Amino acid sequence: MIKRAVYFVIILCAVSFYALQPASAAEWNMPSVVDEAGCLTYDELYGLTERLDEIRNTFLIDVAVVIEANMSGTNERETANAIFDYNDYGYGENADGLLLYISENPRRYWLTANGFGTTVFNEKSLEYIDGEILPYLSSNEYYSALDAYADAAEELLVMSGEGKPYGTSGSAAVTVTTIAAVILLPLATAFVMTGAKLKDMHTVQKAQYANSNIKDGSFNVTSSKDIFLYSSVVRTRRADQTNGRGPHRGSRGGRGGGY
Amino acid sequence: MDTVQNYKCPCCGAPLAFDGREQNLKCNSCGNEFSADTLEQVDSSDSKTGSESKFDWTHYEERHFEPADSDTLVSYTCSSCGAEITGDGAMGAAVCPYCGNSAIIKSQFEGALMPDYLIPFKLDKRAAEDAFKRACGNAPFLPDEFMDKNKIDEMTGIYIPFWMFDCDCSAAVSYSAKRLFSWCDNQYNYVRTDHYRLFREGSVAFENIPVDASKKADDTYMESIEPYDYSEAVDFKTAYLSGFFADKYDVSVEDSIERANARVKNSTEAAFMSTTDGYAAVVPTGSSLSTSNGKIRYSLLPVWMLNIKYNGQIYKYAINGQTGKVAGEYPVSKSKRNKYFAKVFGIGLAVMLCAIWVYTKFM
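Residues numbered from 1 in each chain as written. Chains lettered and ligands numbered in written order. Predicted model: local features only at pLDDT ≥ 70, side-chain atom pairs only at ≥ 80, totals over all residues. Heavy atoms only, no water.

## A look at the pattern of salt bridges
All names here are of chain A.
- One pass over the full model with this rule turns up 18 salt bridges over all chains.
- For E76, the salt bridge goes to R108, with nearest N and O atoms at 3.0 Å. Taken together, the residues span a long stretch of sequence, with E76 in helix α3 (residues 76-86) and R108 in strand β4 (residues 108-114) at a distance of 32 residues.
- Connected through salt bridges with shared partners, the residues R51, D147, D151 and E154 form a single ionic network. (Salt bridge = Lys/Arg side-chain N within 4 Å of Asp/Glu carboxyl O. Helix = DSSP H or I, 4+ residues; strand = E, 2+ residues; numbered from the N terminus.)

And the structure:
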C-alpha cells in the first residue's frame, strides 16, 4: 500500500514537473551546446545549455556553441560554416542564427551568423562579442567565455528587439550618412529642376534632322534581315556561395581567428 | 584585276577557316563558329553598307546669277517720296524710313532670281508681338523689366530667302545588336548574350528641307523656328512683299547642299533605326545612302525679327511669320533663379525631415 502510494507520488511529481515546464517555442535540430573536447564539466554544460535554450526559445533565433578537440575542416571559417549548414542549425526558412565554433587544436575560433542573424549579429556586434569572449578563451576559461557569449548574444537580441540593432542606429557613420542624404538629395533635386527650367531660357538649337520634311507614307523598308551570329554565356558565383562549402539559406557574416 | 575575298570573324575580326568536322567556318581566335550561309548574308549586307554615300543634286534649275555682294551698298529712290533708300546688294524689299511706304526692287526677283514660291505672312505685327509675349511668359527666369513695349514695337517682318531641297533617299544600314537573358541556380548567376547583325534597306522621300540662303540671317535661328506648313505656299508675286523687308539669296546652292545632305542622312538613319526594336543594344556599324530625283527650289519664308538691348547685351529673336514659333536666348534673372532653387531645396528638405521623423517614430 505504502509502495503504491510512493509510486503514485513519484509519478504525480514527474507529470507535474513536465506539465509545469514552459512549452518550447520551437524544435531545434541540434543541442545548443556541443562539447566534443570536454572543455566543460557536466554542470557547466547543463547550465549553459539551459541558458542558450532559453535564449533560443525567447527570441526564436538559434544561438549555439560547438567545441571540437581537433578542427575537422581546413580552417575555422569553413569548418564553422560547414557545421552550421550540414547540421541544419538556424531557425526558420532563412536559418537565422549564430554559431560559436571553438577548436582546441589548432587554437582557433569562429563566429558565424546567418539569415536574420546577420542583422542582429552584424559586423559591429560580432566585434563586440569577440571582445567579450577572447580574453577568456586566451586563458582557457571556456565556461566564462561561453557565459560571456550567452550574455552578449542576449544583450544584442534585446537591443534588436527594441528596433535598434547594435552598430546601426546612433553610430556616427549612420548619423553622417543621414545628414548627408537629408541635405544632398534636396540639393540634387534643386539642381536638376533649376537646370531643366534654365533650358527653357535657351530655345535656339540646330536642326539635326528633317523628320518633319519626310513625305507621308514614303518610308519603305524593302529588305530587313536579323542574322544571328553567336551566343556567349557569362556566369558568376552567387555571393552567398563564396563562404564555406555546402548549401545554406539566407545571408552570412562571420568573424574569428586564433586565441 | 580580280577581287580577292576573305572571311573575317564578325566577333573579333580574325580570319576564319572551314572546319570539316563541324562543317562550319571556325574562328581560332575566339572559338566561335558560323555557317557558310550566315557568313554569306553578313558579307552581302556589309558590301551594301560599306559603299560611299552619294548625294545627287544635279537636277535643279541652275541660277545663272552670282550671289549678291552683301558688302556693297546700293541706293534706290523711293517712288512715293523720292527719298534715298540704302541697303546692301541682297536687299529686295524695304520700307521707306521717311514715308513708310514699301519699296520693292523688282530686279532682285526677276528672271532666274524669281523665287519658285513663298509662304505669305500669316501673323501680323500685333499677333507676332503676342506670340513673343507668350513665349516670354514661358521663360521662367526672365527679368521683369525685360519686356519693354517700345522695344517690342521695333519688330520687323522680313522674307528670308531659303533653298528648298527635295529628294528620294535610298539607304542600306547595318547594325550590331544584342539580346540579353539572365537566370540563376543555387550556385551561379548566368547571363547569355545573343549577338546579331541587323541589316535594313529601303527608301524615304523628303520635300522642302529648308536651308537658309541669307548670310545676314543666323542659320541656327532659322532652323529653330521650323517647321513651316508648305501647303500654304503660293507662287511668288511681288505684291506679297509689300509692307515687309525681303532679301534675295546671297548664299549659293553649292554652299547649302552640305547642310541638306546632313539632315537627310540623319533623318534616314533615324528612320531605319526605329525598325530595330526588341534588342537590348543596337549600334550602327555601317551605312550607305544615295539620293535621286533631287530638286532644289528657291523660296522666301516669313520671319519676324526682333533685337532687344538689355544690360548692354543684344538679345536676338526670330518668330515664324506663319506659325508664331519663337526662338531666342533669354536673359536670366539671377534673383529669380536663386529664389526658385531655394524654394525647391526648402521643400525637398522639409519632405526629407518629415520622412525621417515618421521613420523614427513609427518604424
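## Quick word on the pairing of strand β10 (residues 188-212) of chain B
- Most of β10 of chain B sits inside the fold, with 19 of its 25 residues counted as buried.
- As paired elements, strand β5 (residues 220-237) of chain A and β10 of chain B share 16 bridges and run antiparallel to each other. When the sheet's bridge partners are listed, N220 of chain A is paired in β10 of chain B with S203 of chain B.
- Pairing of strand β9 (residues 156-184) of chain B with β10 of chain B, which is carried by 22 bridges, proceeds in the antiparallel orientation. The residue bridging S182 of chain B from the neighbouring strand is V191 of chain B, located in β10 of chain B.
- Between β9 of chain B and β10 of chain B, which pair antiparallel one after the other, the connecting turn spans three residues. (Buried < 20%, exposed > 50% of the residue type's maximum accessible area, 1.4 Å probe, protein only. Pairing = 2+ DSSP bridges.)

## Brief notes about the interface of chain B and chain A
- If you look at the interface, chain B gives 76 residues, while chain A gives 52 residues.
- Summing both sides of the interface, chain B and chain A together bury roughly 5900 Å²; the carbon and sulfur share of this comes to 59%.
- Per-residue buried area on chain B facing chain A is highest for Y188, H195 and F341 of chain B; these three make up 10% of the total on that side.
- Put simply, chain B and chain A have one salt bridge between them.
- Across the salt bridge formed by R200 of chain B and D226 of chain A, the nearest N and O atoms sit 2.9 Å from each other.
- Where chain B packs against chain A, one counts 31 residue pairs in polar contact (both at pLDDT 80 or more).
- At the level of secondary structure, the elements contributing two or more residues to the side of chain B that touches chain A comprise β3 (33-34), α1 (36-49), β9, β10, α4 (219-224), α5 (253-273), β14 (326-328) and α6 (334-362) of chain B. (Contact = heavy atoms within 4.5 Å. Buried area = accessible area lost by both parts, 1.4 Å probe. Polar contact = N/O pair within 3.5 Å; in protein donor to acceptor, adjacent residues only side chain to side chain.)

## Comments concerning the confidence of the model for chain A
Residue and element names in this part refer to chain A.
- When pLDDT is averaged across chain A, the result is 84; 83% of the residues are at 70 or more.
- Per-element confidence in chain A is highest for strand β2 (residues 62-70), whose mean pLDDT is 94, and lowest for helix α1 (residues 2-20), whose mean pLDDT is 60.
- Here residues 241-248 scores under 50 on pLDDT; set against residues more than four positions off or in separate chains, the count is 21 contacts. (pLDDT = per-residue confidence, 0-100.)

## Observations regarding the nonpolar core
- Counting residues in hydrophobic clusters, the biggest one holds 64 residues, and the most contacted among them are F132, F165, L241 and Y330 of chain B.
- For this core, the secondary structure elements donating two or more residues are α2 (125-137), β9, β10, α5, β12 (281-310), β13 (313-320) and α6 of chain B.
- Those residues in contact with L241 of chain B that sit more than four places away from it in its chain are A93, I104, F109, L118, Y159, F236, A246 and L300 of chain B.
- With 33 residues, the next largest nonpolar core counts L111, I129, I133 and A150 of chain A among its residues. (Core = buried A, V, L, I, M, F, W, Y, C linked by side-chain atoms within 4.5 Å.)

## Focus: the sheet that holds strand β2 (residues 24-27) of chain B
- Across the sheet, which stays open at both edges, the three strands sit in the order β1-β2-β3 (chain B) with antiparallel pairing between neighbours. Strands with a single pairing partner mark the edges of an open sheet, and in this sheet they are β1 (16-19) and β3 of chain B.

## Some details on the sheet that holds strand β1 (residues 33-35) of chain A
Residue and element names in this part refer to chain A.
- The mixed open sheet is built from five strands, whose spatial order is β1-β2-β3-β4-β6. The open sheet has two edge strands, β1 and β6 (252-258), and neither has a second partner. Between one strand axis and the next, the sheet turns by 10° as a mean value, whatever way the strands run.
- Across seven bridges, β4 lies against β6 in antiparallel orientation. (Axes fitted to C-alpha atoms, helices over the stretch in contact; angles between N-to-C directions.)

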